[in-house]
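This is what each chain is made of:
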Amino acid sequence: MSYKCVVLIKQVPDTRAITGDAMNEDGTVNRSKLASIPNPDDLHALEVALEIKEKFGATVTAISMGLPEAAQVLREALYRGADDAILVTDRRCAGSDTLATSHILSCAIKKVGADIVLCGRHSIDGETAQVGPQIAEFIDAAQLTCVGELKDVDKNSITVRRVLDNGWQDAKAPLPCLLSVTDQANEPRVGAATRLMKYKNATTSANYDGDVNELREKNLLIEQYDLDQIGVDLSRIGFNGSPTKINRTQKVILEAKEVKEISPTQEGISAMVKELIEDHSIN
Amino acid sequence: MVDVNKKGDVWVFVESLGSKVEDTSLELVGKARELADELGVQVGAVVLGSEIAGLDERLICCGGDKVYMCQDPLLAHYQVSSYSKVLCDIANEYNPSIILFGATSVGRDLAPRVAARLGAGLSADCTDLQIGSHKDSVTGKTYDDILLQICPAFGGNVIATIINFDKWPQMATVREGVMKMPELDRNRKGETIKHTVNLSKEDLVVEILDELVTEKTVDLKGSDVVVAGGAGIGSKENFKLLWDLANALGGVVGATRPAVDLGYISEEHMIGATGVTVRPSLYIAAGISGALQHQTGMWDSKKIIAINTDPDAAIFDVAHYKIVGDFNEVIPMMIKAIKAKC
Ligand SMILES: Cc1cc2nc3c(=O)[nH]c(=O)nc-3n(C[C@H](O)[C@H](O)[C@H](O)COP(=O)(O)OP(=O)(O)OC[C@H]3O[C@@H](n4cnc5c(N)ncnc54)[C@H](O)[C@@H]3O)c2cc1C
Ligand SMILES: Cc1cc2nc3c(=O)[nH]c(=O)nc-3n(C[C@H](O)[C@H](O)[C@H](O)COP(=O)(O)OP(=O)(O)OC[C@H]3O[C@@H](n4cnc5c(N)ncnc54)[C@H](O)[C@@H]3O)c2cc1C
């Protein structure tokens with residue numbers, strides 16, 4: 001039996017590396033100054049898919065929705081062992097909230113078909129952790145969120161350990177199933193050098209002047225779809241189709257408190273402690 | 001999709017363990033009370049489970065007007081398939097205007113799935129909820145009395161206000177401790193409504209093979225004094241000094257995310273946007289720069305002492321006592337002063 005695995009990979013700005021020159025004057029983040037990377041949890045999701053492929057037999061398709069540049073995160077999935085890759089890119093995606101994003105991605109998943117869909121638990125930019133369960137709903141699949149370990153896959157089911165607020169749970173769900181994977185699940189492999197040499201030339205048809213079939217034969221084609229090709233309901237996406245809207249964003253302004261400067265000497269500190277005991281901050 | 005129902009109540013999805021309602025749910029009932037009063041509607045609390053008798057009383061004392069009791073042996077263990085079915089059914093029947101969930105393992109698993117089925121918007125990890133209005137810049141139309149869902153975005157540098165004016169109910173998740181625990185009012189009256197659940201075994205899709213539920217070992221939220229350390233503490237050994245100070249004060253030790261990532265202390269001690277929110281009487285921050293993601297978890301503390309070698313550290317912006325100095329020297333002085341007074 002060969003399972004069909006789909007891994008969802010989002011291209012995100014590396015928000016963990018925000019430095020001074022990535023900040024705008026108004027205090028917002030200048031995303032163009034941040035490196036774009038595959039969302040960290042998604043590499044753990046990919047690793048689970050590759051584990052399923054190696055232990056139980058599977059094909060692994062990576063899908064990303066984003067700007068044409070997001071082809072890069074798909075290349076990185078190919079370096080690590082994905083069999084093929086699909087980029088959904090369309091200007092009409094702009095402004096999509098999680099529900100709209102999930103609708104679009106679920107249409108792409110339905111187009112290729114999947115027994116097991118894997119995504120990251122959450123992205124490091126949007127951070128909502130909502131896309132996984134919402135896709136599961138739209139493709140009518142079972143869901144296992146917060147996966148910390150893959151246990152078993154058999155003909156009709158998948159078993160994992162979920163990591164929860166206070167402990168863990170071993171759960172078995174029927175296929176098709178969506179897993180949202182945490183960074184505790186595994187140590188993602190780095191891309192193999194031979195694969196890297198081969199797949200660094202993988203590209204979408206939009207970026208290729210030659211015969212696309214040639215690319216496809218060499219397995220170097222990143223399939224690119226727009227919304228019409230995957231049957232998206234346009235009333236459910238973009239700014240207008242998204243239920244949530246951003247009413248406003250504001251830079252964080254901290255209220256100034258009355259601050260007392262205390263000298264770092266025993267006298268200074270003892271006086272402060274005395275004051276805190278008197279006003280019952282210390283009992 | 002549920003219609004926009006301006007007269008709809010403000011609901012809370014209630015989580016319970018044994019005979020106890022989870023704190024997160026009680027905190028949300030407190031917030032729902034405020035929102036409902038502003039809207040002139042009622043607070044509904046929805047309880048699902050197999051043995052839930054008695055929980056309604058507590059929810060009413062905390063501010064609930066109507067408690068919907070969905071009792072069924074098939075609801076003994078949380079599962080997204082069965083719980084989402086019951087919750088969507090009851091939401092379709094009563095048409096609430098707002099549904100709030102705790103941002104817990106259960107809430108995060110359930111809320112997005114319910115939102116997807118209802119075609120509703122959902123915002124994650126709100127730090128505040130208010131009632132207000134929104135003017136649509138395209139149509140020029142103004143929407144009054146809608147839920148303003150306030151949450152940090154872009155790594156916390158910006159506060160975004162999310163709204164949802166046409167696809168209801170308005171849904172949001174909130175982390176434990178973010179909203180204040182409401183005061184108990186034993187004289188409050190409310191109504192208990194038994195809701196008949198329509199489930200069969202087929203609705204239990206997932207098989208739970210084994211599970212381990214551990215008690216929380218650190219009670220950051222319940223503690224009156226928190227001594228927190230950041231990356232500036234430099235090592236696990238140095239963190240011992242913070243434990244000594246916490247012990248002298250009868251408090252607990254907290255930490256920033258880098259301190260946890262660097263292995264100085266375990267994750268359950270983390271304070272901030274992705275950790276716990278605390279409001280102790282006294283918060284001592286040592287070797288902490290004061291990034292917004294950390295501040296959002298501690299700035300409501302009644303008194304804040306900050307110790308940092310950098311006089312321009314952002315933590316001083318929220319501090320009441322500013323000590324520019326090395327924690328290695330300052331903390332022993334504090335311990336000495338405290339021991340002398342007791
Ligand atoms: C300031 C701000 C606030 C926002 N607040 C909300 C809000 O409250 N509610 C709301 O519904 N939307 C909100 N959004 C929109 C939301 O961030 C986007 O819809 C985003 O595309 C998906 O959400 P996420 O990054 O939180 O995904 P998560 O749910 O955190 O992602 C989980 C996993 O889903 C997969 N995935 C997600 N997106 C993609 C993709 N494009 N391609 C491939 N795989 C993907 C990945 O595997 C990822 O690890 C907000 C956006 C902004 C800018
Ligand atoms: C999406 C996201 C979510 C996040 N969530 C959280 C969260 O929940 N909680 C959280 O804490 N962080 C969170 N962070 C990280 C946050 O942005 C900051 O990076 C973090 O709070 C900084 O931690 P710090 O103050 O320990 O370290 P640093 O910023 O490195 O500061 C160390 C400080 O120690 C001082 N110092 C050094 N030596 C000494 C000494 N001997 N004595 C006194 N002072 C000294 C330095 O002057 C410096 O100010 C998050 C980040 C992102 C992107």
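What counts and what doesn't
- Residues numbered from 1 in each chain as written.
- Chains lettered and ligands numbered in written order.
- Predicted model: local features only at pLDDT ≥ 70, side-chain atom pairs only at ≥ 80, totals over all residues.
- Heavy atoms only, no water.
- Near = heavy atom within 4 Å.
- Polar contact = N/O pair within 3.5 Å; in protein donor to acceptor, adjacent residues only side chain to side chain.
- Areas by Shrake-Rupley, 256 points an atom, 1.4 Å probe, with all protein chains shown as cover.
- Helix = DSSP H or I, 4+ residues; strand = E, 2+ residues; numbered from the N terminus.
- Nonpolar A, V, L, I, M, F, W, Y, C, P; charged D, E, K, R; others polar.
- Salt bridge = Lys/Arg side-chain N within 4 Å of Asp/Glu carboxyl O.
- Buried < 20%, exposed > 50% of the residue type's maximum accessible area, 1.4 Å probe, protein only.
- Contact = heavy atoms within 4.5 Å.
- Buried area = accessible area lost by both parts, 1.4 Å probe.
- Pairing = 2+ DSSP bridges.

Draft legend 1. Structural context of the site of ligand 1. Around ligand 1, the surrounding shell holds 34 residues, and the nearest of these are A:Lys10, A:Asp42, A:Thr98, A:Ser123 and A:Thr128. Nearby residues place ligand 1 at the junction of chains A and B. Note that an oxygen atom of ligand 1 is positioned 2.9 Å from one of the backbone N or O atoms of A:Gln130. Here ligand 1 has 950 Å² of accessible area as a free molecule, and 90% of this is covered by the chains.

Draft legend 2. Focus on the site of ligand 2. Ligand 2 sits among 26 residues. The nearest are B:Ala231, B:Thr256, B:Thr274, B:Ser289 and B:Asn308. Residues within reach of ligand 2 are spread across chains A and B. B:His294 places a polar side-chain atom, nitrogen or oxygen, 3.0 Å from an oxygen atom of ligand 2. The backbone of B:Thr309 places a nitrogen or oxygen atom 3.4 Å from a nitrogen atom of ligand 2. A total of 990 Å² of accessible area belongs to ligand 2 in isolation, and the protein chains cover 79% of it. Contributions of two or more residues to the shell around ligand 2 are made by helix H6 (257-261), helix H7 (292-295) and strand E17 (303-308) of chain B. Residue composition of the shell around ligand 2, grouped by class: eight nonpolar, 14 polar and four charged.

Draft legend 3. Representation of the pattern of salt bridges in the model. Tallying each qualifying case throughout the model produces 32 salt bridges over all chains. A:Arg92 serves as the salt-bridge partner of A:Asp228, at 3.1 Å between the closest nitrogen and oxygen. Residue A:Asp228 is located in the loop between strand E12 (221-225) and helix H7 (238-241), and its partner A:Arg92 is located in the loop between strand E5 (84-88) and helix H3 (98-112); the two are separated by 136 residues in the primary sequence. Assessed through its relative accessible area of 35%, A:Arg92 is described here as partly exposed. We note a salt bridge from A:Arg161 to A:Asp170, for which the minimum N-O separation is 2.8 Å. Through salt bridges with shared partners, a single ionic network connects B:Lys20, B:Asp23, B:Glu27, B:Glu176 and B:Lys221.

Draft legend 4. Quick look at the interface of chain B and chain A. With 71 residues of chain B at the interface, the matching set in chain A holds 70 residues. Carbon and sulfur atoms make up 57% of the surface buried where chain B meets chain A, a total of about 6100 Å² over both sides. Here chain B is connected to chain A by four salt bridges. Linking B:Arg117 and A:Glu137 is a salt bridge whose minimum nitrogen-to-oxygen distance equals 2.8 Å. At the surface where chain B touches chain A, the tally comes to 26 residue pairs in polar contact (both at pLDDT 80 or more). Sorting elements by how many residues they give to the side of chain B that touches chain A places helix H4 (residues 105-118) of chain B first, with eight residues. In terms of residue class, the side of chain B that touches chain A is built from 38 nonpolar, 17 polar and 16 charged. The pairing of strand E9 (residues 167-174) of chain A with strand E13 (residues 207-213) of chain B spans six bridges and is antiparallel. Looking at the pairing, A:Gly167 lines up with B:Val213 of E13(B).

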